[in-house]
Amino acid sequence: MTTTPKRLLIYIAEPYLLDYFQEVVEALADLPGLQLERAAPFHCDDSAIRLLLRQQVAAEQCDLVWTTAELLPWMPAEAQRIASFHHAGYGEHRFLLHPGVLDHADLLFCASYRPSAVLADCDGYRPLVARGRQTPLRVVPVGYPKLDRTMAAVAARPAGKSVLIALSTLADNPYAIDQPLRACIERLLAVGEQVILRPFPRDIVQEPLIRQLLVDYGDHPGFALSEGSYLPAFAAARVMLFFGRPDATTAFTFSYSSLRPCLFYQPQAAQGGEPHPLGLALGDGEALAEQALTIEPGRWRVRLTQARAEALAYVGTSAARLRQVVGALLAGQPLADSYSYHRQPGDGELALATLQRLEAEVGGGSSYLLMAHLQRWLASNRSGASDTELMALCQLLTGPLGAGPAQILLQALVAVGPLLQARLTEAQWRPLWALAEARYQQQPVPAPWLRLSLLRLRLLANDEPGSAVLAAQLLVCGDSAVLHALADYYQPRDASPYQGACAAFVAHSGLWQLDLLQQWAARAGGYDLFGDGRASRMLLAYLKQQQWPLPQRVWADEPAAELFDGVPVSRLDGAAATSVKLPLLIASPEFAAPIRQRLLALGVAPALLIDLATKGG
């Protein structure tokens, strides 16, 4: 009798995870009774992911599906849903899960921790897992196939002599790195070191800082850029210098595969540096370079070997372990070294105490997950949170979290601030705002997104003068999130400050061809504008500030009123397309191309459509 193979669909939505899942695919490729398939559309935009999943994945017939936490809600409901715990940074000291796993996963393949550590943390973590779940969640350590491959590849190459400078995504950095990074590079090049720069791949084309570094140092014989596979750079380096989170997966992958140290730039580090499991954290770029010149990698080998053994399960045998686990799933057999969460009496009650205990042990690096858990908690308690729970939340924010980095506290208060402000007295919530301001002021050079968090907090506290200062700093960065924050505050009150901010954003963002806008605005016969969203509102504010003629009409899909910021608005559908006689300027800088195609399909004459977006937009 022939048994029908069970189908496992591995869905990969982010390119940076491809190498991890490639190892998984190779380990399971010839497993009896398994039909293995992959889907890898590489869509990062949320709406694109959802559309694609609804069309291509939700209707798939499969027995198991393995994907990332963010995509679990969209997977076939009848399949066993598998998530991985590996890419949150296995330098974290505790077992903290993404909320998407807690709500939607049936199985968690834990790729980071020793079974004993997983089981111990699972038990203490149960109140968070239980909230919102009716079915058990099974946790199974499976080793880390990607690390095994990296270990083998690095060991097969000659011992490294270069200095590898690695960066996390610049947008995620809570502090500016331009000056310390340049000081570090220049010091190393000045003494004849071979420097390899490894930015986050997306930043090479998106971040002006990286492009400028390549212009400034690209011709130096001692400078090289690492693109594509990271394995040659890992093998060539005797030490890594890392600018970013101190629990970054990249740093631990380097040190655990090569058994060579990593030095971290952390501006808050004490003078002389602070110990780190992989090496040392320093607060000065040139000091980081000096330490790299004097460090002796060989002396770290024993220490890193021990740290790796304490942190990871099944080192060097991950593929065999993964085959064992999936084989047991296919055969319906018990899973060794596994744990199942089951609801117990009281698990549905407040989970903030569990978060507070875990955060006290974790520290700042992995506390970013607290934001997601607080939002998850809010979603289930938005109308029913008791005063006791809110006061417990305040204690959490002023406890270990408040003592941590500024970005963690600011993000937390942005997430929960409206609820606190609505339910607590000003004497109760005002100290939290003051604490966040104090933490922010300690930042040497705050990154734009950190300033944006503080802007939202100041707006929540009705601090209009302080908000205006931050908004002016941020608008020149071309970040539309600044306008979203200002709109949420000003539009229900007084539109004039928001109009000024819109005009400033249009002038500085570089998203529109303003010379083209001026040309059509000056046209004797007039012009129209398509869209009744934020982009059109920004352009109208700019037109008014410049005292240029406004459009004759705004066309929109579903007009909400007869006027849009004082301009008549009309519905544009197939029947109305012939009514478009004037040049129609497309306001959206992000979706100009699909909007043009749709308007053409409706019957608008091609010669009338004008794209205002810049080529880059």
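Residues numbered from 1 in each chain as written. Predicted model: local features only at pLDDT ≥ 70, side-chain atom pairs only at ≥ 80, totals over all residues. Heavy atoms only, no water.

(A) Structural detail: the sheet that holds strand 17 (residues 563-564). On the basis of which strands lie adjacent, the open sheet formed by six strands has the order 17-18-16-15-19-20 and mixed pairing. Each of the sheet's edge strands pairs with one partner strand only, and the pair in question is strand 17 and strand 20 (609-611). Bridge analysis of strand 17 against strand 18 (residues 567-571) gives two bridges, and the strand direction is antiparallel. Looking across to strand 18, one finds that F564 is bridged to V567. Strand contacts of helix 24 (residues 534-546): strand 15 (528-530), strand 17 and strand 18, with the helix running at about 145° to strand 15, the strand carrying the most contacts. (Pairing = 2+ DSSP bridges. Helix = DSSP H or I, 4+ residues; strand = E, 2+ residues; numbered from the N terminus. Contact = heavy atoms within 4.5 Å. Axes fitted to C-alpha atoms, helices over the stretch in contact; angles between N-to-C directions.)

(B) Structural detail: the pattern of salt bridges. Inspection of the entire model under this criterion finds 15 salt bridges. For E37, the salt bridge identified is with R7, shortest N-O distance 2.4 Å. Separated by 30 residues along the polypeptide, E37 in strand 2 (residues 34-39) and R7 in strand 1 (residues 6-11) bring together distant segments of the chain. Overall, R7 belongs to the buried group, its relative accessible area being 13%. Here D216 and R182 are joined by a salt bridge, their closest N and O atoms 2.9 Å apart. (Salt bridge = Lys/Arg side-chain N within 4 Å of Asp/Glu carboxyl O. Buried < 20%, exposed > 50% of the residue type's maximum accessible area, 1.4 Å probe, protein only.)

(C) Geometry of the nonpolar core. Core analysis: the biggest nonpolar cluster contains 86 residues, and W66, F109, I165 and L241 have the highest contact counts within it. Every residue in contact with F109, bar those within four places of it in the chain, is listed here: W66, I82, A83, S84, F85, V140, V142, L322, V325, V326 and L329. Formed by 30 residues, the second largest nonpolar core is a distinct cluster that contains L393, L397, A471 and L474. (Core = buried A, V, L, I, M, F, W, Y, C linked by side-chain atoms within 4.5 Å.)

(D) Just the side chain of R321, in detail. Within the secondary structure, R321 is located in helix 13 (residues 318-331). D337 provides the closest opposite charge to the buried, salt-bridge-free R321, at an N-O distance of 4.5 Å. The contact partners of R321, leaving out residues within four places of it in the chain, are V140, P141, V142, G143, Y314, A336 and D337. (Lys, Arg positive; Asp, Glu negative; His and termini not counted.)

(E) Representation of the packing of aromatic side chains within the structure. Inspection of the entire model under this criterion finds 10 aromatic pairs. Cluster of aromatic residues (ring-pair linked, three or more members): Y175, F243 and Y265. (Phe/Tyr/Trp six-rings, centres within 6.5 Å; stacked < 30°, edge-to-face > 60°.)

(F) Spatial organisation of the environment of L263. Along the chain, the position of L263 falls in strand 11 (residues 262-265). Spatially, the C-alpha atom of L263 lies 9.5 Å from that of I165, the residues being 98 residues apart in sequence. Apart from residues no more than four positions distant in its own chain, L263 is found in contact with V239, M240, L241, F242, L280, L288, Q291, A292 and I295.

(G) Focus on unusual backbone geometry. At Q547, a residue that is not glycine, the phi angle is positive and equals roughly 60°. With respect to the helices, strands and loops of the structure, Q547 is situated in the loop between helix 24 and strand 16 (553-556). For Q547, a relative accessible area of 71% translates into the label exposed. At D565, a position not held by glycine, the phi torsion is positive, near 50°.

(H) Seen up close, the side chain of D148. Its place among the elements puts D148 in helix 5 (residues 145-155). Buried charge without a salt bridge: D148, with R308 as the nearest opposite-charge side chain at an N-O distance of 7.7 Å. Separated by 2.9 Å, the side chain of D148 and the backbone nitrogen of G316 make a polar contact. (Polar contact = N/O pair within 3.5 Å; in protein donor to acceptor, adjacent residues only side chain to side chain.)

(I) Examining the sheet that holds strand 7 (residues 162-167) more closely. An order of 9-8-7-10-11-13-12 is seen for the seven strands of this open sheet, with the pairing classed as mixed. Each end of this open sheet is capped by a strand with a single partner; those strands are strand 9 (223-225) and strand 12 (274-276). In this sheet, adjacent strand axes meet at a mean angle of 25° when their direction is disregarded. Relative to strand 10 (residues 237-243), strand 7 is paired through six bridges, and the arrangement is parallel. Counterpart to L167 in the pairing with strand 10 is F243. Sheet strands in contact with helix 10 (residues 249-258) are strand 10, strand 11 and strand 12, and its direction is about 165° off that of strand 10.

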